[in-house]
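Architecture at a glance
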Amino acid sequence: YNEIKEVRGTTALQIFFRQFKNFLILLLLAAALVSAFIGLWEHGIQEMIEAGLIVLIVLFIVCVGFYQEYHAEKDLEALKRMLDPAAVVERGTQKKKIPARELVPGDIIHLEAGDRVPADSRIVEAVQLKIDESVLTGEADPVRKGAGVLDGELPVGDRSNMTHMGTTVTYGKGKALVVATGMETEFGRIACRIQEIEDEKTPLQERLDVIGRQIGWGVLCLCAVVFVVGILAQEMPWLEMFLVAVALAVAAVPEGLPGVVVVALGMGTRRMVARHVIVRKLPAVETLGCTTVICSDKTGTITHNQMTVRRVFADGKTVEVSGDGYTPEGGFSIDGKKMAPRDDPVLDKLLRAAALCNNASLFHEAGEWKTTGDPTEICLLVAAEKAGIRRGDLRETSPRVGETAFSSERKRMATIHKEGGSFTAYVKGAPDILSERCSSIQGHDGIRPLSSGERGGILQANERMANDALRVLAVAYRAFVHENAMEDAEEDLVFLGLLGMKDPPRDEAKAAIGRCREAGIRTVMITGDHPATALAVAREIGLNVGSGQVITGAELSKMPQNKLKERIEDTTIFARVSPEHKLRIVSALQDRGHVVAMTGDGVNDAPALKKADIGVAMGISGTDVAREASDMVLTDDNFSGIVGAVKEGRGIYDNIRKFFAYLISGNIGEVLILFISSLWTSVPIALTATQILIINLVTDGLPALALGADPFEPNAMKRSPRSRTEPLHHGLAPFILVYPIIMAAVALGVLYRIYDPAAANEAEARTAVFLTVAFFEMFQSFSARSTRYPSIKVGLFKNRWLVLAVAGSLAVCVGLVYAPLRIPFLGVDLHQLVRLVPLPLSDFFSIVALSSLGFVYLELSKAYASRKVG
């Protein structure tokens, strides 16, 4: 069948199990199994509760990730919907409509304006046939097609005798012989390449995997040392030492880290929706934060993919036209001064002529402007509409009575209209061709003979527009009284003027690229369009062209990959490229150590979107293939949305660093406390496994979640992108080295002061350590509001969720110590279960005061560091 087959689909089950590809998740499951085993061995309810809590944490993490990815997959359309469901085909002597999937090579298909081409085919007949191939080539302009034979291996954009699946007929009609269907088409080959590209891990995923492995091996080594030392040196029972080793493992593994990362990324995706971005894969949000290069398609991404009249030359004057796209909003000006085109008789007649010599349509329906026809002709109607000239009114006053169609040989089009008792021929075409047929010129004071100087001025104006990458059309007319004069309608014409048009850049593109530059991010334009057009757009949006100027697809085909790697750093524009070229460009950048974001909308962008570290597809103009291959989709097709996404990514990463510093420093402190107390024969082990789990879930988990929602740190978009290999703990030495030592020293000091072997008050001593660790971490959570600046600078209590989380955590911890609690259906006293007992208030307030020492140290170290760097 003529259809796109998915090489490897993604089922709900695959998405679910994909969530377990995380070393920390597997480590938590292992800890749960060990706790459950001990609980069954000793019939201990504590261990079973521990195991149950860990499993609940894992399920929460997995379910959040699954929900986001599953719904993102279902929100995007499948590849197959790009195909037109029907095709008009000749079978035998009959012409019939059949499902497009039933086409086979050898079929003859009929194509008309508005049709989606159902298969790759060679043209056998064509009448003014134009096809929009932007989804394959990236070029905004429809391509004129005709029958014939072409020599050599040509890129898709130069195959003027071929039509390709997924492209759209915009003008004329034709017949073509099907030569390839389904996966053998250009469309199918691209789809196949997309599905063969393996998904690559994001920098965050790589970093968390490394951290998970480091923690895992560290935990195993530490537990083994404690287990062996306890049995051999202290002659403790093996089961008791095994429980101590498990307690150490529980203390070392940051149970909250994977969950908080998922929640932080999930919150980021919801904020991204407000920025018109749909995130298909959670880690993609963070990846944008370390992006160093954005490879952007020009057509439809930086530009509107809608031709627009930008300049008019008439009666020796140059008129600028404002407004972009097919919405007729904008005005006319000369030297920056606004003008009314209806008050200028030459400009008024020029715009009327352009609207009459036209086969496109522009109409307002259901609150929006809609169009049909060739983009060049559409933009002429839009320009006329901006001047208040409506095509419908012109048809009544100047009905068409004849037409001579445009052809590549004639390079002009003419329509004849009856106006009152006479006839007028309006002609548009190539300036050099049309000017030769003009003998007069329209001026503000009437018609006058066209002098050689004025003819030269017209050609110079045409050259100026062309140098600015404008496509130029000349417009002329001839009036006559008798119908028999129609044969000479295109001779002795009166020149009206020139219209310069282009696919304009989006208004926000220049500012967005400037913000990217300020953030240390390069923007690289990759387009199927001509080099001159790409250069003109680059200059208009303020894109640094670079010393490498422009590299074309033809040059790329001959260039070895190692040579491309050398030139890639100095080249900003790649023009007339194919999908294979885009893949090579992205690969070369990645080989140079860049984290690459690729934006695009066409089928031709999809392989590079898949290969890039972060693929960003357009939601409105984007094809289904591009969206399927992407990590995120811009629902408003606005390049400036990338800047907001980068800021979001950097902010999320900063927040991940905040709660990473918070969680890891606390866990390292707990490990030190347990490790030293397990080897210190004069004191008991400082905390039980249950107490550690309560700390990790309550005092760690809730504030860490709140830090995930923390307001972003200042100046995030004025920093250079971080290195892909930069460890998550980079610059966090005060948090994860010095702070844990202070916490361990204070906690062990409290343990030594309160513990009395004669009184056997182990529960009281452990309660004191429990409260010390809890208050240390509560103080630290406020310091973790910024890892770069003193908390007072970013607002100590600005995060209301953190204030509530700290209050809630303290309420739980203090309640477990002082509130009389029982679980009726288990018949268990909660104090006995968690082994915590009330302390004298004097001890309680001493612990609170001592626990602030870590906070004071962190704030002083950040203040010193921030002053040192200015």
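Every value quoted in this text rests on a predicted model; they were computed, and no experiment measured them. (Residues numbered from 1 in each chain as written. Predicted model: local features only at pLDDT ≥ 70, side-chain atom pairs only at ≥ 80, totals over all residues. Heavy atoms only, no water.)

Let us look at the overall build of the protein. Along its length, the protein carries 31 helices and 30 strands. Burial status across the protein gives 57% buried among its 870 residues. The contacts of the protein with a sequence gap of at least 6 include a subset with a gap of at least 24, amounting to 71%. Of the roughly 35,800 Å² of accessible surface on the protein, 58% is carried by carbon and sulfur atoms. (Helix = DSSP H or I, 4+ residues; strand = E, 2+ residues; numbered from the N terminus. Buried < 20%, exposed > 50% of the residue type's maximum accessible area, 1.4 Å probe, protein only. Contact = heavy atoms within 4.5 Å. Areas by Shrake-Rupley, 256 points an atom, 1.4 Å probe, with all protein chains shown as cover.)

Turning next to the packing of aromatic side chains. Aromatic ring pairs are described here by two measures, namely the spacing of the ring centres and the angle between the planes. Summed over the entire model, instances satisfying the criterion amount to nine aromatic pairs. Ring centres of phenylalanine 423 and phenylalanine 480 lie 6.1 Å apart, and the angle between their planes is 15°; on these two criteria the pair is classed as stacked. With phenylalanine 423 in strand β18 (residues 422-429) and phenylalanine 480 in strand β21 (residues 471-480), the pair connects residues that are 57 residues apart, well separated along the chain. The pair phenylalanine 423 / phenylalanine 480 is uniform in exposure class, with both members buried. Summarising the aromatic geometry, the rings of phenylalanine 844 and phenylalanine 845 are spaced 5.4 Å apart at their centres and angled 80° between planes, so their arrangement reads as edge-to-face. An aromatic cluster of at least three residues, connected via ring pairs, comprises Phe775, Tyr818, Phe844 and Phe845. (Phe/Tyr/Trp six-rings, centres within 6.5 Å; stacked < 30°, edge-to-face > 60°.)

Moving on, we come to the pairing of strand β3 (residues 108-112). Judged by how many residues are buried, β3 sits mostly within the fold: four of five residues are covered. With three bridges connecting them, strand β1 (residues 86-91) and β3 associate as antiparallel partners. Note that in β3 the partner of glutamate 90 across the bridge is isoleucine 108. Looking at chain direction, β3 and strand β7 (residues 168-180) are connected through five bridges and run antiparallel. The residue bridging isoleucine 108 from the neighbouring strand is leucine 177, located in β7. (Pairing = 2+ DSSP bridges.)

Strand pairing in a sheet relies on backbone hydrogen bonds, with the paired strands running either antiparallel or parallel. What the eight strands build is an open sheet, ordered β8-β28-β27-β26-β9-β23-β25-β24; its pairing is mixed. This sheet does not close on itself; its edge strands, each paired only once, are β8 (277-279) and β24 (550-552). Neighbouring strand axes in the sheet, compared pairwise and without regard to direction, differ in orientation by 20° on average. Summarising the sheet, strand β23 (residues 522-526) and strand β25 (residues 573-575) pair through two bridges and their orientation is parallel. (Axes fitted to C-alpha atoms, helices over the stretch in contact; angles between N-to-C directions.)

What follows covers the environment of leucine 687. Relative to the helices and strands, leucine 687 resides in the loop between α23 (640-679) and α24 (689-708). Classification of leucine 687 by relative accessible area gives buried; the value is 2%. Each C-alpha atom of the pair leucine 687 and alanine 763 lies 9.3 Å from the other, and the pair is 76 residues apart in sequence. If we skip the residues at most four places from it in the chain, leucine 687 touches Leu674, Ile692, Ile695, Arg766, Val769 and Phe770.

Evaluated as defined, the whole model comprises 34 salt bridges. A salt bridge links lysine 130 to aspartate 374; its shortest N-O distance comes to 3.1 Å. Of the two residues, lysine 130 sits in strand β4 (residues 120-132) while aspartate 374 sits in the loop between β15 (368-372) and α12 (375-386), which places them 244 residues apart along the sequence. On the basis of relative accessibility, which here comes to 3%, the residue aspartate 374 falls in the buried class. One salt bridge in this structure joins arginine 576 and aspartate 158, with 2.5 Å as the shortest N-O distance. Of this pair, arginine 576 sits in the loop between β25 and α20 (579-591) while aspartate 158 sits in the loop between β5 (143-144) and β6 (162-163); the two residues are 418 residues apart in sequence, bridging distant segments of the chain. Bridged by salt links that share partners, the residues Arg310, Asp324, Lys502 and Glu540 form one connected network. (Salt bridge = Lys/Arg side-chain N within 4 Å of Asp/Glu carboxyl O.)

What follows is about the packing of helix α25 (residues 733-754) against helix α26 (residues 762-783). In contact at an axis separation of 9 Å, α25 and α26 are set at 155° when each is read in the N-to-C sense. In terms of orientation, α25 and α26 fall into the roughly antiparallel class. In this structure, the crossing between α25 and α26 has a hand that is right-handed. Of α26, the residues touching α25 (which contributes Phe735, Tyr739, Ile742, Met743, Val746, Ala747, Val750, Leu751 and Ile754) are Glu764, Ala765, Ala768, Val769, Thr772, Phe776, Glu777, Gln780 and Ser783. When the residues that make up the contact of α25 with α26 are grouped by side-chain class, the tally is 13 nonpolar, three polar and two charged. (Parallel < 35°, antiparallel > 145°, perpendicular 65-115°, else oblique. Left-handed = near helix turned anticlockwise from the far one by under 90°. Nonpolar A, V, L, I, M, F, W, Y, C, P; charged D, E, K, R; others polar.)

A separate point is the packing of helix α11 (residues 345-356) against α12. The axes of two packed helices give the description: the angle between them and the distance between them. Closest axis-to-axis distance for the α11/α12 pair is 9 Å, and the angle between their directions is 140°. With respect to their mutual orientation, α11 and α12 come out oblique. The chirality of how α11 crosses α12 is left-handed. Contacts from Leu351, Ala354 and Ala355 in α11 reach Leu380, Leu381, Ala383 and Ala384 in α12.

This paragraph deals with the nonpolar core. Counting residues in each nonpolar core, the largest one holds 66 residues, and the members touching the most others are Phe659, Ile673, Leu687, Val769, Phe770 and Leu771. At the level of secondary structure, the elements contributing two or more residues to this core comprise α6 (203-232), α8 (256-274), α23, α24, α25, α26, α28 (800-818) and α30 (841-850). Those residues in contact with leucine 771 that sit more than four places away from it in its chain are Cys813, Val817, Leu839, Phe844 and Ile847. Residues Leu347, Ala354, Ala387 and Val475 belong to the second largest nonpolar core, which totals 39 residues. (Core = buried A, V, L, I, M, F, W, Y, C linked by side-chain atoms within 4.5 Å.)

Looking now at α23. In a regular helix each residue adds 1.5 Å, so 40 residues correspond to 58 Å; α23 covers 59 Å between its end C-alpha atoms and thus fits that length. Counting buried residues along α23, 34 of its 40 residues qualify, which places the element largely inside the surrounding structure. (Expected span 1.5 Å × (residues − 1).)

Given a relative accessible area of 18%, lysine 130 falls into the buried group. Within the structure, the side chain of lysine 130 is placed 3.1 Å from the side chain of aspartate 374, a separation counted as a polar contact. When near neighbours in sequence (up to four residues on either side) are disregarded, lysine 130 contacts Pro142, Val143, Arg144, Thr168, Val169, Thr170, Tyr171 and Asp374. (Polar contact = N/O pair within 3.5 Å; in protein donor to acceptor, adjacent residues only side chain to side chain.)

Moving on to the pairing of strand β2 (residues 94-99). The pairing of β1 with β2 spans six bridges and is antiparallel. For arginine 91, the partnering residue across the bridge sits in β2 and is glutamine 94. Here β1 hands over to β2 after two residues, with glycine 92 in that stretch at a positive phi of 65°.

With that settled, consider a nonpolar patch on the surface. Taken together, the side chains of Val55, Leu56 and Leu59 make up a nonpolar region of the molecular surface, amounting to roughly 250 Å² of accessible area. When you line up the elements, leucine 59 lands in helix α3 (residues 45-75). (Patch = residues over 30% accessible without salt bridge, like charges linked within 9 Å, V, L, I, M, F, W, Y side chains within 5 Å.)

Phi at aspartate 315 is positive, roughly 55°, even though this residue is not glycine. Tracing the backbone through its elements, the reader meets aspartate 315 in the loop between β10 (308-314) and β11 (317-321). One non-glycine residue with positive phi stands out, namely aspartate 492, at about 50°. Secondary-structure assignment places aspartate 492 in the loop between β21 and β22 (493-502).

With that settled, consider helix α15 (residues 452-467). Here α15 spans 23 Å end to end across 16 residues, near enough to the 22 Å set by a 1.5 Å rise per residue. Contacts made by the buried residues of α15 are with β10, α14 (431-436), β21 and β22.

With respect to the helices and strands, the residue valine 472 is situated in strand β21. Look at valine 472 and you get buried, because its relative accessible area is 11%. C-alpha of valine 472 to C-alpha of asparagine 462: the two residues are ten residues apart in sequence and 6.7 Å apart in space. In this structure, valine 472 is in contact with Pro431, Asn462, Met465, Ala466, Leu498 and Leu499, ignoring residues within four places of it in sequence.

Attention shifts here to the environment of aspartate 348. Locating aspartate 348 in the fold gives a position in helix α11. For aspartate 348, a relative accessible area of 13% gives the class buried. Placed 39 residues apart in sequence, aspartate 348 and alanine 387 show a C-alpha to C-alpha distance of 7.9 Å. In terms of polar contacts, aspartate 348 uses its side chain to reach the side chain of arginine 352, at 3.0 Å.

This part takes up the confidence of the model for the protein. Mean pLDDT over the protein works out to 81, with 82% of the residues at or above the 70 mark. Every residue in residues 75-84 is under pLDDT 50, and counting partners more than four places away or in other chains gives 28 contacts. (pLDDT = per-residue confidence, 0-100.)

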